[in-house]
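Each chain, letter by letter, is given below.
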Amino acid sequence: MVEKLWGGRFEESVSDWVEEFGASISFDQKMARQDLQGSLAHVTMLAKTGILTEAEAEKIKDGIKAVEEKYEAGQIEFTVANEDVHMNMESYLHDQIGPVAGKLHTARSRNDQVATDMHLYLRDVLHQTIEKLHTLRTTLIQISEAHIETIMPGYTHLQHAQPISFAHHLMAYYQMLTRDAERFTFNLKHTNISPLGAAALAGTTFPIDRKLTADLLDFAGPYENSLDAVSDRDFILEFLSNSSILMMHLSRFCEEIILWCSNEFKFISLSDSFSTGSSIMPQKKNPDMVELIRGKTGRVYGDLVGLLTVMKSLPLAYNKDLQEDKEGMFDAAKTILTSLDVMNGMLETMTVNKDIMEKSTKSDFSNATELADYLAAKGLPFREAHEIVGKLVLECTKQGYYLQDVPLKRYQELSNLIESDIYKYLDSKTAVGRRNSYGGTGFEAIKEQIQVAKKSLL
Ligand code: ARG
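Residues numbered from 1 in each chain as written. Predicted model: local features only at pLDDT ≥ 70, side-chain atom pairs only at ≥ 80, totals over all residues.

Where an unreviewed UniProt entry is consulted, the protein chain appears under the name Argininosuccinate lyase, with the organism given as Floricoccus tropicus. We quote the UniProt Subcellular location (unreviewed entry) comment for the protein chain here in full: "Cytoplasm". Under Sequence similarities (unreviewed entry), UniProt gives the following word-for-word description of the protein chain: "Belongs to the lyase 1 family. Argininosuccinate lyase subfamily." (UniProt positions renumbered as here; feature names shortened; annotations may be inferred.)

Now the structure itself:
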């Protein structure tokens, strides 16, 4: 039986299965590096403030570095008997340098230690997330630039509504992902604060220097309130909620990609490297990876609701419930980072079937607004124009043809405002190209949108 670092006041030991229940080492070992980094800053501060002697601090620092080397070399074995990453690491330090290791925990508690590790860990994840979002946004801009004049049906209610540029559709996702990146950047502000030195909950009688440890760990500064520092996990909740919104965006995009590569649409084809086959149907090429991103959205929502529920009504300050903050964060981090990679690779390698996309805007009534606008621009009240076009659409539907097939003679029976130039206006490419209101799908408007995006992406 390993002797507990907190064993002093106990007469009986817990049984193995209870120990296993309480332990977090199976998952919090992911924060081993952050734990050592925090300890190094703490011991540096303990020496600077004279709480430990230089000699003691040097010994501890050398010990921490030696444990770090062992960890990097894969020579550390974690044990449930030492409960969590903090005590496992301290126990290794003890093996390395003997009883002086016990001085490291002066003016520190596992409560501020674990919070510090979590802040360090999440800060790194946030940087990676923002970077991957940058890559994906860059890819979207690149594809958009190549497809300004690629015409596709724009939908409402999943029915053809008005033709749009494919670049416009992609840039809509660019804008959503930009706001996601902004949300994660704001999240960094709340994560880049140091809980270290809050101790168990009330601070400490030792003359510690919390600004120094915050500086050493590159935090913007220490938490102002020691109770807040060890009690709250809102920086993680913010991450999980930002991740949920990001996954919601990705899942909508994925759903469209899944539709677009179906036999009914054929708007795009995914590269083989992002598709899989069927074990029984030889012809199958399935968009598994995008389906998985759509599916994984559910687990990230679960991670958010899980932690919100853990935190609900939890009294201050530290409670063991807080140990449940980690797995969801690790899971969401892994899920969003890999989903962003897959999404980017998939978009970079997909083939856009331009002709099929454009063709599908010619066998529909998505140019009906053009005709109504044409009449309204010539002075007919829009409501009257709408009525005329609506009736004509019904007539065409019954006869089995489209607005561009209606003879000029019939048009002129309906309104003497209609001239032979109407057919040009009914063409989907003309329809798209002319919608140059700010933020619209017109070619000039999109070029402008892309220019603005490129500037802000730098
Ligand atoms: N493993 C614990 C956690 O993840 C560390 C903090 C433990 N503190 C305590 N007082 N039991 O929350």
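Okay, back to it.
**A short note on the UniProt feature "domain: Fumarate lyase N-terminal" (unreviewed entry) in the protein chain**
Listed under "domain: Fumarate lyase N-terminal" (unreviewed entry) in the UniProt record, and renumbered for this structure, are residues 8–302. As annotated, residues 8–302 has a helix share of 60% and a strand share of 5%, and its two end C-alpha atoms lie 40 Å apart. (Helix = DSSP H or I, 4+ residues; strand = E, 2+ residues; numbered from the N terminus.)

**With respect to the domain arrangement of the protein chain**
Examined at the domain level, the protein chain breaks down into domain 1 (13–106) and domain 2 (111–141 + 166–206 + 224–350). Look at where the C-alpha atoms of domain 1 and domain 2 centre, and you get two points 30 Å apart. Residue-level contacts link 14 residues of domain 1 with 12 residues of domain 2. Looking at the side of domain 1 that touches domain 2, the elements that each hand over two or more residues are α2 (25–28) and α3 (32–48). Considering each element in turn, the side of domain 1 that touches domain 2 owes the most residues, six residues, to α3. Split into classes, the residues belonging to the side of domain 1 that touches domain 2 amount to four nonpolar, seven polar and three charged. (Domains from an automatic or database assignment. Contact = placed C-beta atoms within 7 Å. Nonpolar A, V, L, I, M, F, W, Y, C, P; charged D, E, K, R; others polar.)

**Some thoughts on the environment of M350**
If you trace the backbone, M350 turns up in the loop between α12 (326–349) and β4 (351–352). Of the residues examined, M350 has 20 C-beta atoms within 10 Å and is grouped as buried. C-alpha separation for the pair M350 and C261, spaced 89 residues apart in sequence, amounts to 9.9 Å. For M350, the contacting residues outside a window of four places in its chain are I268, S269, L270 and S271. (Buried ≥ 20, exposed ≤ 12 C-beta atoms within 10 Å, placed from the backbone.)

**Brief notes about helix α19 (residues 443–457)**
Over its 15 residues, α19 runs 21 Å from end to end, which matches the ideal 21 Å to within 8%, given 1.5 Å per residue. Listed in full, the buried residues belonging to α19 are I446, Q449 and I450. All buried residues of α19 project into a common sector of 100 degrees when viewed along the axis, lining one side. Projecting away from the buried face of α19 at angles above 90 degrees are the exposed residues Q451, V452 and K455. Looking at the buried residues of α19, the elements they touch are α6 (110–146), β2 (159–165) and α7 (166–191). (Expected span 1.5 Å × (residues − 1). Arc of directions from axis to C-beta.)

**A short note on the nonpolar core**
In terms of nonpolar packing, the biggest core is built from 92 residues, with L93, L122 and I236 touching the most fellow members. With 12 residues, the single largest contributor to this core is helix α10 (residues 234–260). Formed jointly, this core draws a minimum of three residues from each of two domains, domain 1 (13–106) and domain 2 (111–141 + 166–206 + 224–350). Once residues lying within four places of it in the same chain are set aside, the contact partners of L93 are G63, I64, V67, A101 and L104. Y374, L403, V406 and L426 belong to the second largest nonpolar core, which has 12 residues in total. (Core = buried A, V, L, I, M, F, W, Y, C linked by C-beta atoms within 7 Å.)

**What about the pairing of strand β1 (residues 151–156)?**
Bridge analysis of β1 against β2 gives six bridges, and the strand direction is antiparallel. Following the sheet pairing, Y155 is matched in β2 by H160. Linking β1 to β2, which pair antiparallel, is a turn of two residues; within it H157 sits at a positive phi near 55 degrees. (Pairing = 2+ DSSP bridges.)

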